[in-house]
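Each chain, letter by letter, is given below.
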Amino acid sequence: MRNIFRTEPDVLSAYDFTGSFTDVWRHIRVSMVMPPLTAAICVCAVMSLMMFVERVYMTIVVLLVKFLGKKKYTQYKLEALKEDLEQNRSYPMLLVQIPMFNEKEVYKLSIGAVCSLRWPADRLIVQVLDDSTNEVLRALVELECKKWIQRGVNVKYETRNNRNGYKAGALREGLKKDYVFDCEFVVIFDADFQPDEDFLWRSVPYLLENPELALVQARWKFVNADECLMTRLQEMSLAYHFAVEQEVGSSTCQFFGFNGTAGVWRIRAIEDAGGWKDRTTVEDMDLAVRASLKGWKFVFVGDLEVKNELPSTFKAYRFQQHRWSCGPANLFRKMTKEIIFCERVSIWKKFHVIYAFFFVRKIIAHWVTFFFYCVIIPVSIMVPEVHLPKLIAIYVPATVTILNSSCTLRSLHLLVFWILFENVMSFHRSKATIIGLLGANRVNEWVVTEKLGNATKPKSIVKPLKKSRSRFGERLHFSELIMGLFLLYVAIYDMMFGKDHMFVYLLLQSGAFFVIGVGYVGISVSN
């Protein structure tokens, strides 16, 4: 009877089972998980170093250009040319294009700003390219154009029966109009851009002085950067793009990506490059690369700013980032061979376009940010047999982060939020990049970035972040929630078994995924 109540064999068998399970899991980790994980860490380490070297190189170039006074646009002598234009009245014929699609909130701003540009009225044509599908809105846009026509501005209101080619198609059709044949240069502004009155006087003379110049690109100035936290974080990213990436491209090989707006093109250069093409969602970058391969040069004017609006809803920002990430990857896939076999540009310029401009900045940067810091590093925490070098995991990304954020000193206190937000967005960008490289579905998806015109409204009218229960399902982003759960699990695991305190980062990053996953980012807009 006493043997019935003996439990030692049961306890021992449970202990044996637990021990054997641990041994089996350790064997699986060592034999099956560790080799591919180690290989993935090595690949990510190489990509991190590539991005690190590129960032350090650009920083050195920018510092040298700034302290030596070698900015490309400062080397032009424009004052004498301006005086000659005014004395001889030899103004070139200019075309200003404003492509728009259902821009209810901002169409008056852009049309009014462009029609107020200082230039002889008989040498300026304003072309409003309205692809709007809302008939009432079309009538309002046309009415606004007529108002400026009555004031003596040569405004042409153009519409199409279809949206073939989207923005590229509209710009291409606009250049085919008979009244454009006498125009020498074309200025492009998106519907939310508001140039200052002296924009033409500060941009067109560059093209007149240098006949090899195809493009003059201005910098963007964000009028709603303080609208919410998300717009402040966007400002940090875009400030680096203009202050460093565009400046380096302009100062070294006189090539950079056209930003699609706030730029002046020589029409002959557009025609020489083959015109506007709609094969990708980055028609502006496509044209810039093809023009560069024809030998044309670009200049970025860093002190010439044009006011515009940042997307302030997460939905609009997410669609914009998909287009901006998928398009370059798809263009890289389609143009690599053409760039390699081009005979009109130097090997250095080919290397810059393929390696630096496309591969590192448009592909590697997104992949490293997501796969390494949001997937590989968390997985390696649960596999203690894998060695994760602190140089690659901590010091390299810290240096890159400091370099990226140094262009927006007023937002340095938001650095942690910026890192977490960029890591979340890298998930969407990495996915879009893969779609672009593979030419998969959504590769040509074009969703116009929604503009709210909030910068011109009193703050009392702008609605704060307010969510309704009826729209809860629309706010959820399940992929972000799944990533948040994964990182939270790893954080708890590291708190219990880890020794390197990585759980601090993991908890913050999982929180960022959860916040965005439930839609509490940006501002809300009622239907």
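Whatever comes next refers back to the structure up there.
Scope of this entry: the structure provided in the associated data block. The shown structure was predicted, so the numbers you read here are calculated from the model rather than taken from an experiment. Each chain carries its own residue numbering, running from 1 in the direction its sequence is written. This being a predicted model, a pLDDT of at least 70 is required before a residue's local features are given, and a value of 80 or more before pairs of side-chain atoms are given or counted; all residues contribute to the totals for chains, interfaces and linings. Note: side-chain values were computed over all heavy atoms of the structure, leaving out hydrogens and water.

1. Thoughts on a negative patch on the surface
- Residues enter a patch when their relative accessible area is above 30% and they make no salt bridge; the linking distance is 9 Å between like charges and 5 Å between nonpolar side chains (Val, Leu, Ile, Met, Phe, Trp, Tyr). Only the protein chains shown count as cover for residues, and the accessible areas themselves come from Shrake-Rupley with a 1.4 Å probe. Every case where a carboxyl oxygen of Asp or Glu lies within 4 Å of a side-chain nitrogen of Lys or Arg is listed as a salt bridge. A residue counts as positive if it is Lys or Arg and as negative if it is Asp or Glu; His and the chain ends are not included. Charged side chains are reduced to one point each, which is NZ for Lys, CZ for Arg, CG for Asp and CD for Glu. Taken together, the side chains of E79, E83, D84 and E86 make up a negatively charged region of the molecular surface.
- Secondary structure elements follow DSSP: runs of H or I no shorter than four residues count as helices, runs of E no shorter than two count as strands, and numbering proceeds from the N terminus. Along the chain, the position of E86 falls in helix α2 (residues 79–88).
- Relative accessibility decides the category of a residue: with a 1.4 Å probe and only protein chains considered, values under 20% of the type maximum give buried, values over 50% give exposed, and everything between is partly exposed. Exposure remark for E86: the relative accessible area of 46% places this residue in the partly exposed category.

2. What about the packing of helix α9 (residues 283–293) against helix α10 (residues 314–340)?
- Note on definitions: angles span 0 to 180 degrees between N-to-C directions of axes, and those axes are lines fitted to C-alpha atoms, for helices only across the stretch in contact. Axis separation between α9 and α10 bottoms out at 11 Å; the angle between their running directions is 15°. By the angle between their axes, α9 is roughly parallel relative to α10. Seen along the crossing, α9 lies across α10 with a hand that is right-handed. Here α9 contributes M285, D286, V289, R290 and L293 to the contact with α10, which in turn contributes P328, L331, M335, E338 and I339.
- Considered class by class, the residues forming the contact of α9 with α10 number seven nonpolar, no polar and three charged. Just so you know how the angles are binned, under 35 degrees is roughly parallel, over 145 roughly antiparallel, 65 to 115 roughly perpendicular, and the rest oblique. Left-handed describes a crossing whose near helix is turned anticlockwise from the far helix by less than a right angle; the clockwise case is right-handed. Residues are treated as being in contact if the distance between any of their heavy atoms lies within 4.5 Å. Just so you know the grouping, Ala, Val, Leu, Ile, Met, Phe, Trp, Tyr, Cys and Pro go in nonpolar, Asp, Glu, Lys and Arg go in charged, and all remaining residues, Gly too, go in polar.

3. Examining unusual backbone geometry
- Of note, N102 is a non-glycine position whose phi angle comes to about 55°, a positive value.
- Along the chain, the position of N102 falls in the loop between β1 (94–100) and α3 (107–115).

4. Side note on a nonpolar patch on the surface
- Taken together, the side chains of I492, M495, M496, F497 and L507 define a hydrophobic patch exposed on the protein surface, amounting to about 510 Å² of accessible area.
- Residue contributions to the nonpolar patch peak at four residues, all from helix α15 (residues 478–497).
- For M495, the position within the fold is in helix α15.
- Residue classification places M495 among the partly exposed residues on the basis of a relative accessible area of 47%.

5. Focus: the pairing of strand β6 (residues 263–266)
- Residues G263 and W265 point to one face of β6 and V264 and R266 to the other, with burial holding for every one of them.
- Paired strands, in this sense, are two strands between which DSSP finds at least two bridges. Here strand β4 (residues 185–188) runs beside β6; their pairing, made up of four bridges, is antiparallel. Directly across from F185, in β6, lies its bridge partner R266.
- By the bridge criterion, three bridges tie strand β5 (residues 213–222) to β6 in an arrangement that is antiparallel.

Coordinates in, geometry out; function isn't part of it.
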